Every structure is written in C-alpha cells, then in structure tokens.
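# Summary of structural features
Now for the letters of each chain:
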Amino acid sequence: MAEVLLYPHIQGLTDGVRAFADDLRQAGHIVHTPDLFDGRTFASIEEGFGFAREKGFDAIRERGAAAADDLGPELVYAGFSFGVTIAQRLAQTRPGARGALFIDSCLPVTEFGQAWPVGVPVQIHGKEGDEFFGEDLPAARELVGAAAAAELFVYPGGQHLFADSSLDAHDPEASRLLMERVRAFLASA
C-alpha cells in the first residue's frame, strides 16, 4: 500500500480526477486530492488558466505544496498536467519521497535541482500527439535516461488529459492501460 498525494490538472478537481483517485483507493492505497481551485472546476483548459492567472500560478502552487505539510514524508507525489508542477517539485525537494507519477506533463529536472533524487522511482505518461506533452517530452526522456528507476509511457493519439473520465478528451483504452501501469508502480513503491 502506498500513500499518494494526487494533484489535479488546470480544470480542477473534476469528477474524473476523483474517479482516478477512487480507483487507486479501491486498490488499497491512501490517496489525498487537494482542491487547488476553491471548489471550482472549469469547462476548458483556457478557462482554468484564466482563473489561475487571476489568482496567481505561484500562489496556487504554494497552496498545493502546503497540502503536503500535514502529511507524513513517505508519499508518492502524483499529478495531472498542471498538478505535475507541484508533484515534481515535492518529489525532488521533500525528503522521504517514495515515488512520483506524472501524467500529461514533465518538467526539466533542473527546475528543482541538479539531479533526480537517488532512490525515488518515477513513472511518466502522455500522448504522442498531445501538443502540451510534446513540449515536455524531451524533459521526460532526459529524466528517464538519468534516473535509476524511471519509466516513460507514450500512448498513441493527441488528447491532453486523456485519463480524466469526465472530459471529452478521455481515452478509455489508454486510461485502462495507464491505470494498470500505475497500480503496478504503486505496488512496488
């Protein structure tokens, strides 16, 4: 069993993000899903970015990082897209990280340090034709090449946020495979 801190994407803590967390809970894991957007969800990525721009991206990220303060150190940090910016920071800088799961995004390791932390496994998922993930793919490949325990899974198609079952971008087959891989990852974390 793993304890997971799962950060939502820019459209908020949608029913699909909640369902993803519930699937992990059904597999026996403890999953925390902080609400970064004051209970709001957004119909589009653009609408979510507008809200985040108004509230301040850094303020929202700090709020997300603060959610870890009330939890123990031995967490798996996970995020969807925007949420990866918080999860990756914590996985790289907070002592005791048990692992990291990045869905739809990955930042260069140098954003938060000189190297990926030794002993912290990471799994990255994204769509090959996703314009957002496409920008992050070089960083994901670099991370996988540098970390001792790292996996990169690139799925066919171009949907961003494909693992969120409440959005039109949802890809059931890719999501099923992603969940299978995430469960295996968490079983070993």
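Right above here is the structure, for reference.
Residues numbered from 1 in each chain as written. Predicted model: local features only at pLDDT ≥ 70, side-chain atom pairs only at ≥ 80, totals over all residues. Heavy atoms only, no water.

### Some details on helix H1 (residues 15-26)
Note the threshold: Per the convention used, a helix needs a DSSP run of H or I reaching at least four residues, while a strand needs a run of E reaching at least two, with both numbered from the N terminus. A helix is expected to span 1.5 Å for every residue after the first. Any residue under 20% of the maximum accessible area for its type is buried, any over 50% is exposed, and the rest in between are partly exposed; the area is computed with a 1.4 Å probe on protein chains only. The directions considered for the arc are those from the helix axis to the C-beta atoms.
A rise of 1.5 Å per residue sets the reference length of H1, with its 12 residues, at 16 Å; its end C-alpha atoms lie 16 Å apart and thus fit the reference within 8%. Here H1 has its buried residues at Gly16, Val17, Phe20, Ala21 and Leu24. Around the axis of H1, the buried residues are gathered within 145° of arc, so they sit on the same side. H1 presents Asp15 and Gln26 as exposed residues on the side facing more than 90 degrees away from its buried surface.

### A short note on the packing of aromatic side chains
Convention followed: Pairing of aromatic rings covers Phe, Tyr and Trp, the last counted by its six-membered ring, and requires centre-to-centre distances within 6.5 Å; plane angles under 30 degrees mean stacked, over 60 mean edge-to-face, and any other angle means tilted.
A complete count under the given rule lists nine aromatic pairs for this structure. Both rings, one in Phe42 and one in Phe51, keep their centres 5.1 Å apart while their planes meet at 40°; by these two values the pair is tilted. Measuring from centroid to centroid gives 6.1 Å for Phe102 and Trp116, while their planes differ by 85°, and the two rings are edge-to-face. With Phe102 in strand E4 (residues 99-103) and Trp116 in the loop between E4 and strand E5 (122-127), this pair connects stretches of sequence that are 14 residues apart. Each member of the pair, Phe102 together with Trp116, is buried.

### Topic: the environment of Gln123
Filter applied, for reference: Note on definitions: a residue-residue contact is assigned when non-hydrogen atoms from the two residues lie within 4.5 Å. Under this definition, polar contacts are N or O atom pairs within 3.5 Å; protein pairs additionally need one hydrogen-donor-capable and one acceptor-capable atom, and for neighbouring residues in sequence, both atoms have to be side-chain atoms.
The residue Gln123 is located in strand E5 in this model. Accessibility expressed as a relative area gives 1% for Gln123, which makes it buried. The sequence separation of Gln123 and Phe185 amounts to 62 residues, and the corresponding C-alpha distance is 7.6 Å. Not counting residues within four places of it along the chain, the set of residues in contact with Gln123 comprises Ala100, Leu101, Phe102, Glu151, Phe153, Arg181, Val182 and Phe185. Among the polar contacts listed, one links the side chain of Gln123 to the side chain of His125, at a separation of 2.8 Å. From its side chain, Gln123 meets the backbone oxygen of Arg181 in a polar contact 3.3 Å long.

### What to know about helix H6 (residues 172-188)
Over its 17 residues, H6 extends 25 Å from the first C-alpha to the last, a length consistent with the 24 Å expected when each residue adds 1.5 Å. Of all the positions in H6, only Ala174, Ser175, Leu178, Met179, Val182, Phe185 and Leu186 are classed as buried. Axial view of H6: buried residues confined to an arc of 135°, hence all on one face. Turned more than 90 degrees from where H6 packs its buried face, Ala187 and Ser188 sit exposed. Measuring from the side-chain oxygen of the N-cap residue of H6 to the backbone nitrogen of Glu173 gives 3.2 Å; that N-cap residue is Asp171.

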